[in-house]
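A structural walkthrough
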Amino acid sequence: MTNEDERELEAELTRLQQEHRDLDVAIDALHQSPAPDLLRLQRLKKRKLLLRDRIAFIEDQITPDIIA
């Protein structure tokens, strides 16, 4: 992996982590509302899970393999 590829992955990782945090805030706000939109809540949670998986994948790509 080249340095440029690694920088691109790190930039994407930062963006995805921020989106994940933003979804946390949005989900909390929906929970606090008097009549939460359950369908929207479900979609936000699903998007958050997809982001978590993508974040884990990118972190795995960036972290070098250590051969023991």
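Residues numbered from 1 in each chain as written. Predicted model: local features only at pLDDT ≥ 70, side-chain atom pairs only at ≥ 80, totals over all residues. Heavy atoms only, no water.

Per an unreviewed UniProt entry, the protein chain carries the name DUF465 domain-containing protein and comes from Bradyrhizobium daqingense.

**Description of the side chain of His-20**
As a reminder, the rule being used: Put simply, DSSP H or I for four residues or longer makes a helix, DSSP E for two residues or longer makes a strand, and each gets a number counted from the N terminus. Every residue pair with non-hydrogen atoms within 4.5 Å of one another is taken to be in contact.
Within the element layout of this structure, His-20 appears in helix H1 (residues 3-32). With residues near it in sequence (within four places) discarded, His-20 still touches Lys-48, Leu-51, Arg-52 and Ile-55.

**Side note on helix H2 (residues 38-62)**
Using the following cut-off: Each residue after the first adds 1.5 Å to the expected span of a helix.
The end-to-end C-alpha distance of H2 is 36 Å, a good match for the 36 Å that 25 residues give at a rise of 1.5 Å each. Packing partners of the buried residues in H2 comprise H1.

**Examining the nonpolar core**
Threshold: As used in this record, nonpolar core signifies buried Ala, Val, Leu, Ile, Met, Phe, Trp, Tyr and Cys residues forming a set joined through side-chain atoms within 4.5 Å. Relative accessible area decides the class of each residue, using a 1.4 Å probe on protein chains only: under 20% of the type maximum gives buried, over 50% gives exposed, and in between gives partly exposed.
Counting residues in each nonpolar core, the largest one holds 12 residues, listed as Leu-9, Leu-13, Leu-16, Leu-23, Ile-27, Leu-30, Leu-41, Leu-44, Leu-51, Ile-55, Ile-58 and Ile-62. At the level of secondary structure, the elements contributing two or more residues to this core comprise H1 and H2. The contact partners of Leu-51, leaving out residues within four places of it in the chain, are Leu-16, Glu-19, His-20 and Leu-23.

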